[in-house]
Amino acid sequence: MAKTVSILNQKGGVGKTTTAVNLAAAVGAKGKKLLLADIDPQGNSTSGFGINKREIGCSSYELLTGEAKASEAIIHTAFEGVDLIPAKMNLAGAELEIIDRKNRESILKHSLAEVWENYDYIFLDCPPSLGLITLNALTASDTFLVPIQCEYYALEGLSQLMSTARKIKQMYNPYLELEGVLLTMYDGRLNLTQQVVSEIKRFFPKKVYATTIPRNVRLSEAPSFGQPVIYFDKNSKGSLAYMALCDEFLSQQK
């Protein structure tokens, strides 16, 4: 049965989708079967794998509203080992449509149960908020991975996210655990970076990945070509960093 990992941070612009796309591609390239569900209304993971949103039939919106099964929404990407449940802009209205549903926090979990046996991992690219879609993601997940930018305000957001995760663990998903904290846009030359890193490691001993993700032009360019960076430029610093993260992630799995 697949291990389900939410990739989330309610603060935008921290490399959340970049991590979802590139870690998924790296895990798939290692021979694992992976499903990435794009549940962010911006649909950037969908674009990152070269999928034209205008040509999408079923999407994560239909999963959350109960109009389609997970198997009907899955797209086989052009990249080794990776399938995708895409997102369209209509997902932005899904929270209002399901707010009065019974067991509304478990809709995604029940939808994904149909395909659990087909994959080694399911990654959920969450929206940059702590709303009902993110609640669904964390209720459906075994663990959650938090990309965090090396800046002061990131620490405030991380505290709020962990508080929300604890409440979800108490109320809906007693098995939910922190997978790890990933430092993104890392520049070891800056004093502020070092201060933030030491503070995060103090709060999360043994949960901060040794691998850090640097600022990298090729990493920024890859989405506009509809490719994960390990296919766009496998020798770039960004590509090497995500391959190293993949190795570290897989080595920690039981």
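Whatever comes next refers back to the structure up there.
As a starting point, this report considers the structure included with it. Values in this document were obtained by computation on a predicted structure and should not be read as measured data. (Residues numbered from 1 in each chain as written. Predicted model: local features only at pLDDT ≥ 70, side-chain atom pairs only at ≥ 80, totals over all residues. Heavy atoms only, no water.)

1. Brief notes about the overall build of the chain
Of regular secondary structure, the chain possesses 12 helices and eight strands. The globule rule puts the C-alpha radius of gyration for 254 residues at 18 Å, and the 17 Å found for the chain is close to it. The burial tally for the chain puts 55% of its 254 residues in the buried class. For the chain, long-range pairs separated by at least 24 residues make up 78% of all intrachain contacts whose partners lie at least 6 apart in sequence. Approximately 11700 Å² of the chain is accessible, and the part contributed by carbon and sulfur atoms is 50%. Averaging the coordinates of the 27 positive side-chain charges in the chain and doing the same for the 27 negative ones gives two points 5 Å apart. (Helix = DSSP H or I, 4+ residues; strand = E, 2+ residues; numbered from the N terminus. Rg over C-alpha atoms; globule rule 2.2 N^0.38 Å. Buried < 20%, exposed > 50% of the residue type's maximum accessible area, 1.4 Å probe, protein only. Contact = heavy atoms within 4.5 Å. Areas by Shrake-Rupley, 256 points an atom, 1.4 Å probe, with all protein chains shown as cover. Lys, Arg positive; Asp, Glu negative; His and termini not counted. Charge placed at Lys NZ, Arg CZ, Asp CG, Glu CD.)

2. Considering the packing of aromatic side chains
Summed over all chains, the structure comprises six aromatic pairs. Here Phe79 and Tyr231 contribute two aromatic rings whose centre-to-centre distance is 4.9 Å and whose plane-to-plane angle is 55°, an arrangement assigned as tilted. Here Tyr231 lies in helix H11 (residues 229-232) and Phe79 lies in the loop between strand S3 (75-76) and strand S4 (82-85), a separation of 152 residues in the sequence. Their ring planes at 85° and their centres at 5.8 Å tell us that Phe123 and Phe249 sit as a pair that is edge-to-face. On the criterion of sequence distance, the pair formed by Phe123 in strand S5 (residues 121-125) and Phe249 in helix H12 (residues 237-251) is long-range, its members being 126 residues apart. Both residues of the pair, Phe123 and Phe249, belong to the buried class. Ring pairs connect the aromatic residues Phe49, Phe79 and Tyr231, which therefore count as one cluster. Sitting over the ring of Tyr119, Lys33 keeps its end group 5.8 Å from the ring centre. It is Arg202 that lies over the ring of Phe203; its NZ or CZ is 5.0 Å from the centre. (Phe/Tyr/Trp six-rings, centres within 6.5 Å; stacked < 30°, edge-to-face > 60°. Lys NZ or Arg CZ within 6 Å of the ring centre and 35° of its normal.)

3. Some remarks on a nonpolar patch on the surface
The grouping of Tyr152, Tyr153 and Leu192 at the surface amounts to a nonpolar patch, some 360 Å² of accessible area in total. Mapped onto the elements, Leu192 comes out in helix H9 (residues 191-203). (Patch = residues over 30% accessible without salt bridge, like charges linked within 9 Å, V, L, I, M, F, W, Y side chains within 5 Å. Salt bridge = Lys/Arg side-chain N within 4 Å of Asp/Glu carboxyl O.)

4. Observations concerning the environment of Ala73
By the secondary structure assignment, Ala73 is in helix H4 (residues 70-73). Given a relative accessible area of 2%, Ala73 falls into the buried group. Remark: the alpha-carbon pair of Ala73 and Gly15, spanning 58 residues in sequence, is separated by 25 Å. Setting aside residues no more than four positions away along its own chain, Ala73 makes contact with Cys58, Ser59, Leu63, Leu84, Ile85 and Pro86.

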